[in-house]
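# Architecture and fold: a report
Chain by chain, the residues run as shown.
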Amino acid sequence: MTEQREAGRSFDQRELRDIMGVFPSGIVVVTADADDPVGMTCQSFLSLSLDPPYIAFAPSITSVSYPRIREHGSFCCNVLAAGQHDLSSNFARRADDKWAGVDWTPSPGGNPVLSGVLGWIDCRLEAEYTIGDHHLVVGRVLDFHSERQAREALLYHRGGYALSAGSPSANSGDS
Ligand SMILES: Cc1cc2nc3c(=O)[nH]c(=O)nc-3n(C[C@H](O)[C@H](O)[C@H](O)COP(=O)(O)O)c2cc1C
């Protein structure tokens, strides 16, 4: 393989963000520690294994919240519903007052469950790999709950909030 093919073509971070942005994702708020709540918005959430059950997410190595989640040793992934973009933006801030005015209850594992979420997944922090400028965090699923009522998820696409594919207004082609 030539040197150029090994290195790939040159591109900047903007181009990389743009290509990754064409792939839509859901949004979770990863929370921990009901005694001293911490939380951060993440789109890098994925189902990793069913048997045994594992999920993963990727916090930045510069995250202020993640070291506290790591120290707590367990966390809860709160899946946001359509309309919860204010909650997403709130937990995407580097701030001390993220929990002001936020309704939540403790999960069985002792992590905050945000009101109105589509579902939540309580996990034990099982493994962490540092890759480039992010950690890849693997969680062992311990408990979960999902809303029985069919509601749409909050999506993130091309750097902005979007409607679910199944949403009537996303399908109709008009507003
Ligand atoms: C929709 C959305 C998705 C995000 N996904 C991630 C992610 O997967 N990993 C990450 O490190 N930050 C992600 N962020 C940015 C963090 O939420 C943001 O950096 C936040 O300040 C982290 O909290 P902290 O600074 O208290 O650690 C996302 C932000 C938004 C709005």
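Here's what I pulled together on the structure shown here. (Residues numbered from 1 in each chain as written. Predicted model: local features only at pLDDT ≥ 70, side-chain atom pairs only at ≥ 80, totals over all residues. Heavy atoms only, no water.)

## Brief notes about the pairing of strand β5 (residues 53-57)
The side chains of a regular strand alternate between both faces of the sheet. Along β5, four of the five residues are buried, which leaves the element largely enclosed by surrounding structure. Counted between consecutive antiparallel strands, the loop separating strand β4 (residues 46-50) from β5 contains two residues. Pairing geometry for β5 and strand β10 (residues 134-146), over four bridges, is antiparallel. Each residue of the ladder has a partner; that of Phe57, found in β10, is Val137. (Buried < 20%, exposed > 50% of the residue type's maximum accessible area, 1.4 Å probe, protein only. Helix = DSSP H or I, 4+ residues; strand = E, 2+ residues; numbered from the N terminus. Pairing = 2+ DSSP bridges.)

## Quick look at the nonpolar core
Grouped together as the largest cluster of nonpolar side chains are 17 residues, with contacts concentrated most on Val30, Phe57, Tyr66, Ile69, Phe75 and Cys77. Counting residues per element, the ones that place at least two in this core are β2 (28-32), β3 (38-42), β5, α3 (65-72), β6 (74-79), β9 (119-131) and β10. Excluding residues within four positions of it along the chain, Tyr66 makes contact with Met40, Phe57, Pro59, Leu125, Glu128, His135 and Val137. Of all hydrophobic cores here, the second largest spans 13 residues; its members include Cys76, Trp99, Val113 and Val117. (Core = buried A, V, L, I, M, F, W, Y, C linked by side-chain atoms within 4.5 Å. Contact = heavy atoms within 4.5 Å.)

## Here we look at the sheet that holds strand β12 (residues 160-162)
Spatially, the three strands line up as an open sheet ordered β1-β11-β12, and their pairing is antiparallel. Sheet topology places β1 (25-26) and β12 at the edges, where each strand pairs with a single neighbour. With three bridges joining them, strand β11 (residues 155-157) and β12 adopt antiparallel strand pairing. Bridge pairing in β12 places Leu155 opposite Ala162.

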